[in-house]
Amino acid sequence: MSRSGALIGMLCTAVLGFGLGWWFALPSAPLQPVAEPPTRPPAANSVANRTAAPGPLQAARRLLAQKSWFALEQWLRNSLPGSEAEPEEQALLNAEIVRAIAAQANKHDALVQLRVLDILLVERPGEVTILQHKADLQILSGRLEPALETYFQILDQQPLPEIVADVWVAIERLTSALDAQFKSQQSHAARVAFWRQTTARYPPSDQFRLQLAKALIGAGDTPAAQQILRETGTADITAQARDEVEAMLNARTATLDFDNRGDRILADVRSAAGLQMTLLVDSGATITALSRDALRRAGARRAGRSVRLQTAGGVVEADVYTVDELWVQGRSLREVTVVELPVELAGLDGLLGTDLLRRLNWAVDKL
């Protein structure tokens with residue numbers, strides 16, 4: 001290597017060394033971490049917030065899924081009034097609760113499930129579906145009289161005809177079961193009180209009045225039974241059913257005391273207005289017959305038909321009449337069917353036949 005080249009190399013080395021020495025001689029600064037930009041919480045109405053935070057009814061749905069009926073009852077009592085849930089959401093939850101109770105009804109949980117339904121009824125009074133399931137739970141838990149009242153509440157809402165039909169079937173079963181229960185326990189006072197209350201709860205039913213009359217007969221209160229029977233029509237019962245109860249009542253009253261005049265037995269008969277008639281007791285006559293004047297006094301109405309009668313003079317046609325009420329020997333008979341007497345009987349207003357004698361529970365062979 002030439003002398004000039006060596007000098008140039010030494011000069012470059014010196015310059016490089018001086019530069020590095022100066023650099024390392026400078027004061028050093030500590031390293032700082034790089035700060036990340038601050039994060040912002042999601043807005044209240046953001047998608048992230050709606051999916052992360054449960055809705056106001058999610059707690060109830062969890063309890064419902066866990067079948068925690070007691071906890072659900074407490075949640076409803078504390079959270080349902082003034083709930084922030086939308087009405088549509090609340091209605092959906094109510095429907096879910098009712099469906100769950102219908103599917104999971106059992107004796108063990110019946111009482112708490114009833115309380116849950118009562119809470120829902122505060123928000124939705126008169127809701128027929130809720131009332132139906134309430135009645136089912138009351139029957140399941142043996143609370144028959146409250147169940148009967150619940151069915152009457154359903155009728156108060158004037159539901160669809162098919163629901164009305166089902167409700168009346170249930171009411172008939174309940175009243176029959178309760179009546180049998182009172183009779184088996186010989187609880188006459190409780191039986192009378194039950195039928196009084198039931199009749200007052202649904203006045204249009206003659207069936208309930210008839211049952212009240214039977215309860216009164218069983219309790220020995222024949223005057224009250226007679227009064228109830230006078231008020232009983234045939235709106236939802238047959239005339240035969242009422243006649244049977246009438247016969248029961250007459251069997252409990254005093255013995256018939258006919259006027260025996262030698263070869264004739266006479267009966268004292270009065271109209272509803274108190275007009276007196278005297279009838280000949282005739283065990284050979286199958287139907288009671290009144291003279292034309294007696295028909296007028298009894299307030300009889302034409303039935304629009306006639307029957308053929310065998311008399312001593314042959315077969316005759318006789319018009320049929322209906323009398324609202326007759327009193328025979330002090331006993332009341334309602335809706336009495338009679339015919340016009342085809343012949344005149346001196347001093348008599350007609351014949352008392354076996355049709356009314358049987359209603360009076362009087363054996364024909366006693367005559």
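Placed above this text is the structure.
The rules we used
- Residues numbered from 1 in each chain as written.
- Predicted model: local features only at pLDDT ≥ 70, side-chain atom pairs only at ≥ 80, totals over all residues.
- Heavy atoms only, no water.
- Helix = DSSP H or I, 4+ residues; strand = E, 2+ residues; numbered from the N terminus.
- Buried < 20%, exposed > 50% of the residue type's maximum accessible area, 1.4 Å probe, protein only.
- Areas by Shrake-Rupley, 256 points an atom, 1.4 Å probe, with all protein chains shown as cover.
- Salt bridge = Lys/Arg side-chain N within 4 Å of Asp/Glu carboxyl O.
- Axes fitted to C-alpha atoms, helices over the stretch in contact; angles between N-to-C directions.
- Parallel < 35°, antiparallel > 145°, perpendicular 65-115°, else oblique.
- Left-handed = near helix turned anticlockwise from the far one by under 90°.
- Contact = heavy atoms within 4.5 Å.
- Nonpolar A, V, L, I, M, F, W, Y, C, P; charged D, E, K, R; others polar.
- Polar contact = N/O pair within 3.5 Å; in protein donor to acceptor, adjacent residues only side chain to side chain.

A few points about the overall build of the protein chain
Part 1 of the argument: Summing up its helical and strand segments, the protein chain has 15 helices and 8 strands in all.
Part 2 of the argument: Within the span of the protein chain, comprising 367 residues, buried residues form 38% of the whole.
Part 3 of the argument: A total of about 21800 Å² of accessible surface is found on the protein chain, and carbon and sulfur atoms cover 55% of it.

Thoughts on the pattern of salt bridges
Part 1 of the argument: What the rule picks out here adds up to 20 salt bridges.
Part 2 of the argument: Among the salt bridges present, the one from Arg230 reaches Glu325, with a minimum N-O distance of 3.8 Å. Here Arg230 is found in helix α12 (residues 222-230), whereas its partner Glu325 is found in strand β6 (residues 314-328), with 95 residues between them in sequence.
Part 3 of the argument: Arg230 sits in the partly exposed class, given a relative accessible area of 27%.
Part 4 of the argument: Classification of Glu325 as buried rests on a relative accessible area of 12%.
Part 5 of the argument: Taking the shortest distance from any N to any O, the salt bridge between Asp324 and Arg301 comes out at 2.4 Å. One end of the pair, Asp324, is in strand β6; the other, Arg301, is in strand β5 (residues 301-311), and 23 residues separate them in sequence.
Part 6 of the argument: The class of Asp324 is partly exposed, set by a relative accessible area of 40%.

Topic: the packing of helix α5 (residues 87-104) against helix α6 (residues 110-123)
Between two packed helices, both the angle of their axes relative to each other and the distance between the axes serve to describe the pair.
Part 1 of the argument: Contact pair α5 / α6: the axes reach a minimum separation of 11 Å and the direction vectors enclose 155°. Between α5 and α6, the angle falls in the class roughly antiparallel. As α5 packs across α6, the resulting crossing turns out to be left-handed. In this structure, α5 contributes Asn94, Ile97, Val98, Ile101 and Gln104 to the contact, and α6 contributes Gln113, Val116, Leu117 and Leu120.
Part 2 of the argument: The residue makeup of the contact of α5 with α6, split by class, is 6 nonpolar, 3 polar and no charged.

Details of the environment of Asp293
Part 1 of the argument: Among the secondary structure elements, Asp293 is positioned in helix α14 (residues 292-298).
Part 2 of the argument: For Asp293, a relative accessible area of 36% translates into the label partly exposed.
Part 3 of the argument: The spatial distance from the C-alpha of Asp293 to the C-alpha of Met277 is 9.9 Å, given a sequence separation of 16 residues.

A closer look at the side chain of Arg297
Part 1 of the argument: As for its position among the elements, Arg297 is in helix α14.
Part 2 of the argument: Here the side chain of Arg297 touches Asp349 through a polar contact of 2.6 Å, side chain to side chain.
Part 3 of the argument: Setting aside residues no more than four positions away along its own chain, Arg297 makes contact with Ser271, Leu275, Gln276, Met277 and Asp349.

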